[in-house]
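# Descriptive structure summary
Next come the chains, spelled out residue by residue.
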Amino acid sequence: ERKAARNRTHTDDGARVPARGRSEAFRARWREEPSARLDRVEFVHEDPRTLKNTVARTQRRLLRVIDEAGSEVEIHTPYLVPARELLGAVARARERGVTVRFVTNSLSTSKGHELLAQWAYESQLRSLAAAGGEVWELKGPRVMHAKTVVADRRHVYIGSFNMDQRSRRLQKETGILADAPGLAE
């Protein structure tokens, strides 16, 4: 009986939320957000039954996106520590005339936030440049946390995969890959 009364109270509170001005302003803004058509959506993920990413499916799929690109690839990742496979994909892309651009956090933006990953990234900058990758650092008051890949202004990956060792080897990463020119643009 007490649980039922408590749930009724929460339900009553929830019913009052839409009446608040901020909630209605949020709904109006949400309705105005542009939408994008997604075609050929693919769910990219690791095997949830294993403890580690022994196969690294997400990384392999994203490397294939780079290998299939015809003109440009832009990768946003807060933690950029390229593995040999990623450097190879960047080099192959450059040989085909494809621009591969990485956008990541600058050291000044990352202060106090994952400094070990930032140090590892800085130790790999020469390797990225030698492979032909462009690196753009985001400097601002907040840390960028986006994980996206856009290829040929058409194919889009949005997910949890960072370009670092933890994502490749330890964490269970997921995301979607879609043909979405409007969103890519």
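Because the structure is predicted, anything quoted here is derived from the model rather than measured.

### So, the overall build of the protein
Helix and strand content of the protein: 9 helices and 7 strands. Considering the protein as a whole, with its 185 residues, one finds that 37% of them fall into the buried category. Sequence-distant contacts, at least 24 apart, represent 73% of the contacts inside the protein between residues at least 6 apart.

### A few points about the pairing of strand 2 (residues 72-76)
In this structure, strand 2 lies alongside strand 3 (residues 99-105), joined through 5 bridges in parallel fashion. Its bridge partner being in strand 3, Glu72 is matched across the sheet by Thr99. One crossover worth recording links strand 2 to the parallel strand 3 by way of helix 4 (residues 84-95), and it is right-handed. When strand 2 meets strand 5 (residues 148-151), the two strands line up antiparallel, connected through 4 bridges. Note on strand 5: the bridge partner recorded for Val73 is Ala151.

### A short note on empty space enclosed by the protein
Overall, the coordinates contain 2 cavities of 30 Å³ or more when judged by the stated rule. In this structure, the largest cavity encloses a volume near 80 Å³. If you trace the largest cavity, you find 10 residues lining it, with Gln59, Leu63, Leu86, Phe161 and Met163 closest to the centre. Residue assignment for the lining of the largest cavity shows that the elements contributing at least two residues are helix 3 (57-68) and helix 4. Among the elements that line the lining of the largest cavity, the one with the most residues is helix 3, at 4 residues. Of the residues that constitute the lining of the largest cavity, the class distribution is 7 nonpolar, 1 polar and 2 charged. Elements that contribute at least two residues to the lining of the second largest cavity include exactly strand 2 and strand 5. Its residues assigned to classes, the lining of the second largest cavity shows 6 nonpolar, 3 polar and 1 charged.

### Considering unusual backbone geometry
Although it is not a glycine, Asp152 sits at a positive phi angle of roughly 55 degrees. Tracing the backbone shows Asp152 in the loop between strand 5 and strand 6 (155-159). In this structure, Arg153 takes a positive phi of about 50 degrees despite not being glycine. Here Arg153 is to be found in the loop between strand 5 and strand 6.

### Brief notes about helix 3
The periodicity of an α-helix, 3.6 residues per turn, causes residues three or four places apart in sequence to face the same way. Its 12 residues place the ends of helix 3 16 Å apart at the C-alpha level, agreeing with the 16 Å of an ideal helix rising 1.5 Å per residue. Every buried residue belonging to helix 3 is among Thr58, Gln59, Arg61, Leu62, Leu63, Val65 and Ile66, and all of these are buried.

### Let's talk about the packing of helix 3 against helix 4
The contact between helix 3 and helix 4 brings their axes to 9 Å, and the two run at 15 degrees. Relative to helix 4, the element helix 3 lies roughly parallel. Crossing handedness for the pair helix 3 and helix 4: right-handed. Along its contact with helix 3, which presents Gln59, Leu63, Ile66 and Asp67, the element helix 4 presents Glu85, Leu86, Ala89, Val90, Arg92 and Ala93. Among the residues forming the contact of helix 3 with helix 4, the class breakdown is 6 nonpolar, 1 polar and 3 charged.

What counts and how
- The residue numbering used here restarts from 1 in each chain and proceeds along that chain's sequence as written.
- Residue-level local features of this predicted model are given only where pLDDT is at least 70; pairs of side-chain atoms are given and counted only at 80 or more, and the full residue set underlies all totals for whole chains, interfaces and linings.
- Excluding hydrogens and water, the side-chain values take into account all heavy atoms of the structure.
- Secondary structure elements are taken from DSSP: a helix is a run of H or I of four residues or more, a strand is a run of E of two residues or more, and numbering for both begins at the N terminus.
- Exposure categories follow from relative accessible area, calculated using a 1.4 Å probe and restricted to protein chains: below 20% of the type maximum is buried, above 50% is exposed, and the middle band is partly exposed.
- Pairs of residues are marked as contacts when any of their non-hydrogen atoms sit within 4.5 Å.
- Here a strand pair is declared whenever DSSP counts at least two bridges between the two strands.
- When the strands point away from the viewer and the path from the first strand over the helix to the second turns clockwise, the crossover is right-handed.
- Only protein atoms enter the 1 Å grid used here. Points where a 1.4 Å probe fits but cannot escape make up a cavity, open sets with protein on both sides within 12 Å along at least five of seven lines make up a pocket, and a residue lines them when an atom lies within 4 Å of a point.
- Grid points are joined across faces, edges and corners, and a volume is the space filled by probe spheres set on the points.
- Residues are sorted three ways: Asp, Glu, Lys and Arg are charged, Ala, Val, Leu, Ile, Met, Phe, Trp, Tyr, Cys and Pro are nonpolar, and all the rest, Gly among them, are polar.
- One fewer than the residue count of a helix, multiplied by 1.5 Å, yields its expected span.
- To get an axis, fit a line to the C-alpha atoms, keeping to the stretch in contact for a helix; angles then go from 0 to 180 degrees between the N-to-C directions.
- Throughout, the term roughly parallel applies to angles under 35 degrees, roughly antiparallel to angles over 145, roughly perpendicular to angles from 65 to 115, and oblique to all others.
- Two helices that cross are described as forming a left-handed crossing if the nearer one is turned anticlockwise from the farther one by less than a right angle, and a right-handed crossing if clockwise.

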